[in-house]
Amino acid sequence: MSGVVIVGAQWGDEGKGKVVDILTEHADMVVRYAGGPNAGHTLVVGNEKLVVRLVPSGILRAGKECVLAQGMVVDLGRLVSEMDELKTKGHAHVERLRVSDRAHAILPYHILVDGLREHKSGGAIGTTKRGVGPCYEDKARRVGITLGMLRDRESLEKRVSAAIEAWAPTIRDLGGEVPLAKDVVEAIEPFRARVLPLLTETSKLVDDALRAGKRVVFEGAQGTLLDVDHGTYPFVTSSSAAAGGACTGVGIGPTRIQRVIGLVKAYCTRVGGGPFPTELNDANGERLRKVGDEFGAVTGRPRRCGWLDLPALRYASRINGLSSIAITKLDVLTGFDELKVCVAYKTPSGETQDFPIDALDVSTPIYKTFPGWKEQLGAARLLDALPETAQAYVRMIEEAAGCGASIVSVGYRRDETIVRVDPFV
Ligand code: GDP
Ligand code: IMO
Ligand code: MG
């Protein structure tokens, strides 16, 4: 049995897509366990660049099973258009995708509410406006529409009507127009026929694969600090993005998971609102954004950039029980004379190496300065081939995470990667 979770250790966009794509070469199945089309995972193969939002990042490798599990929220129209785009680009096997019939459907009123709220609050959270939050709200208040419920068109309209009724006061309050259930059901009709044959009980499918000794990658979306329970609440997404979410989001027990790999970008980024103590609003931040091409893969928004935060990494390591890390975008730091890293926090109750997640507004980062390096890193395939200062930077991250780096990524291309340990072993 071999289940490996790939989880973002920061605020998302750590490079999960690239790492999952690399691991898929040695895997049999790739399973997305949380989130929806708020995710944007970038895959680069040769000159081809693809951003997947709902479809797992394993899709570029034919012959591997790709699964959307029940912890996800699925926008039918977006799923179909993503599948069509992949087919046009030569990945016809996308039709073999399996989708949980217990995943919830993002419907037009979810997108409407998400947009209206963002507008009214002036973008306080800065959601992706994909309807993700309102869809999970419906799931929790037990008026959600699972994909399995789409099978019976007659009862569907009644269910949608009940959900809309629950939203109607909110929609009116926000100045929106309450949609009719009939129109909502009609709007998704063209996609229903395409999605229904993909539906199955994915929790059994995945458990059977694990029992048969297959290698399964559980692909996280978002990141630990955006997790609804463990993130910088309320500036979070609405799902269980952390590694524990793989169990509830797929429907497998914790004993089925052998390894948890935390994705750590060599610096930090955040899209949308919320605390970001090491954020740089200066030329260094601008440089990270430019060299790292830090613009949202979903919304195109410039990502906020800042120095690496080791207390946040210690926190993510604990929450996820990391067994190893994958460090990404080390190459982006080339050329800085010196690099600052947050090693501790000054809080009202003293100095701490822990991440003061509920006191970030009254805490300040304590930085240590590290020497930089001038060499380009993209050609390195062994850690020893990196400049000594870059190796020291990697060691410092490993020490804070409390585990070794199984992968160090030194460029966005597949081959620009140092793979040190087979993560499945
Ligand atoms: P994800 O959401 O975690 O999958 O990450 P995104 O795809 O949203 O953002 C990561 C970006 O960094 C993408 O544009 C990747 O192509 C790129 N990327 C991934 N690893 C590296 C790396 O090691 N170096 C550089 N320069 N870019 C990378
Ligand atoms: P990947 O998988 C970065 C952020 C949004 C917003 C907050 C809530 O590509 O790493 P939501 O639309 O989920 O209700 O927005 O979460 N967010 C992400 N930030 N990467 C992501 O996904 C994100 N998914 C959501 O910007 O601040
Ligand atoms: Mg992303």
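Please refer to the structure placed before this passage.
Residues numbered from 1 in each chain as written. Chains lettered and ligands numbered in written order. Predicted model: local features only at pLDDT ≥ 70, side-chain atom pairs only at ≥ 80, totals over all residues. Heavy atoms only, no water.

**Comments concerning the overall build of the protein**
Heads up, the rule is: Only runs of H or I of at least four residues qualify as helices and only runs of E of at least two qualify as strands under DSSP, and these elements are numbered from the N terminus. All radius of gyration figures rest on C-alpha atoms, and the globule criterion is 2.2 Å times the number of residues raised to 0.38. Each residue is assigned to one of three classes by its accessible area relative to the maximum for its type, calculated with a 1.4 Å probe on protein chains only: buried under 20%, partly exposed between the two thresholds, exposed over 50%. Whether two residues touch is decided by their heavy atoms; if any such pair falls within 4.5 Å, the residues are in contact. Working definition of accessibility: Shrake-Rupley area with a 1.4 Å probe, residue cover restricted to the visible protein chains.
Along the backbone of the protein there are 11 helices and 20 strands. Expected size for 425 residues packed as a compact globule is a radius of gyration near 22 Å; at 21 Å, the protein falls within 12% of this value. Across its three principal directions, the C-alpha atoms of the protein cover 65 × 50 × 40 Å. When the 425 residues of the protein are sorted by exposure, 57% land in the buried category. Contacts spanning at least 24 positions in sequence make up 76% of the contacts within the protein whose residues lie at least 6 apart. Total accessible area computed for the protein in this model is approximately 17,100 Å², and 50% of it derives from carbon and sulfur atoms.

**Some remarks on the site of ligand 2**
Put simply, the rule reads: A cutoff of 4 Å decides nearness: a residue is near a molecule or strand if any of its heavy atoms lies inside that distance of it. Between N or O atoms, a polar contact is any pair within 3.5 Å; within protein, one atom must be a potential hydrogen donor and the other a potential acceptor, and residues adjacent in sequence are included only when both atoms are from side chains. When residue character is reported, Ala, Val, Leu, Ile, Met, Phe, Trp, Tyr, Cys and Pro are called nonpolar, Asp, Glu, Lys and Arg charged, and the others, Gly included, polar. Where each domain starts and ends comes from a domain assignment, either automatic or drawn from a database.
Around ligand 2 there are 20 residues in total, and Asp-13, Lys-16, His-41, Thr-128 and Thr-237 lie nearest to it. At a separation of 3.0 Å, an oxygen atom of ligand 2 approaches a polar backbone atom of Gly-40. With respect to ligand 2, the backbone of Gln-222 contributes an N or O atom lying 2.8 Å from an oxygen atom. Relative to its unbound accessible surface of 550 Å², ligand 2 loses 97% to contact with the protein. Of the residues that constitute the shell around ligand 2, the class distribution is seven nonpolar, 10 polar and three charged. Here the shell around ligand 2 gathers at least three residues from each of two domains, domain 1 (2–90 + 201–419) and domain 2 (104–197).

**What to know about the site of ligand 1**
As a structural note, the neighbourhood of ligand 1 is formed by 18 residues, with Lys-16, Gly-17, Thr-42, Asp-331 and Ser-409 the closest of them. Take Asp-331: an N or O atom from its side chain is 2.8 Å from a nitrogen atom of ligand 1. Here an oxygen atom of ligand 1 and a side-chain polar atom of Ser-409 are 2.5 Å apart. Protein contacts shield 93% of the accessible area of ligand 1, which totals 590 Å² for the unbound molecule. If you list the elements that add at least two residues to the shell around ligand 1, you get α1 (16–24) and β3 (41–45). The biggest single contributor to the shell around ligand 1 is α1, with three residues.

**Notes on the nonpolar core**
Inclusion rule: Here, nonpolar core means buried Ala, Val, Leu, Ile, Met, Phe, Trp, Tyr and Cys residues that are tied together by side-chain atoms lying within 4.5 Å of each other.
Core analysis: the largest hydrophobic core is formed by 61 residues, its most contacted members being Val-206, Phe-218, Leu-330 and Tyr-393. With seven residues, helix α11 (residues 388–401) is the largest single contributor of residues to this core. Apart from residues lying up to four places away in sequence, Leu-330 is in contact with Ala-266, Trp-373, Leu-377, Leu-386, Ala-390, Tyr-393, Val-394, Val-408 and Ser-409. Val-20, Val-80, Ala-105 and Ala-326 belong to the second largest nonpolar core, which has 55 residues in total.

**So, the sheet that holds strand β2 (residues 29–32)**
Remark on secondary structure: sheet strands pair via backbone hydrogen bonds, oriented parallel or antiparallel. What counts, and what does not: Pairing between two strands is assigned when DSSP locates at least 2 bridges connecting them. Here an angle of 0 to 180 degrees is reported between the N-to-C directions of two axes, which are lines fitted to C-alpha atoms, with helices fitted over the stretch in contact.
The strand order across the open sheet formed by 10 strands is β9-β7-β5-β2-β10-β1-β11-β15-β19-β20, and the pairing between neighbours is mixed. In this open sheet, the two edge strands, each paired with only one partner strand, are β9 (199–200) and β20 (417–419). Looking at chain direction, strand β11 (residues 259–265) and strand β15 (residues 324–328) are connected through five bridges and run parallel. Bridging across to β15, Val-264 finds its partner in Ile-327. In the packing of α11 onto the sheet, contacts are made with β11, β15 and β19 (405–409), and the angle to β15 comes to roughly 145°.

**Description of the coordination of the magnesium ion (ligand 3)**
To keep things clear, this is the line we draw: Only nitrogen, oxygen and sulfur atoms count as donors, using a 2.8 Å cut-off from the metal that widens to 3.2 Å for Na, K and Ca. Water is left out, so coordination shells may look unfilled.
Protein coordination at the magnesium ion (ligand 3) comes from Asp-13 (OD) and Gly-40 (O), with a distance range of 2.0 to 2.2 Å. Taken together, the positions of Asp-13 in the loop between β1 (2–8) and α1 and Gly-40 in the loop between β2 and β3 put the pair 27 residues apart, joining distant regions of the chain. Judged by its relative accessible area of 22%, Asp-13 falls in the partly exposed class. According to the relative accessible area criterion, Gly-40 is buried, its value standing at 11%.

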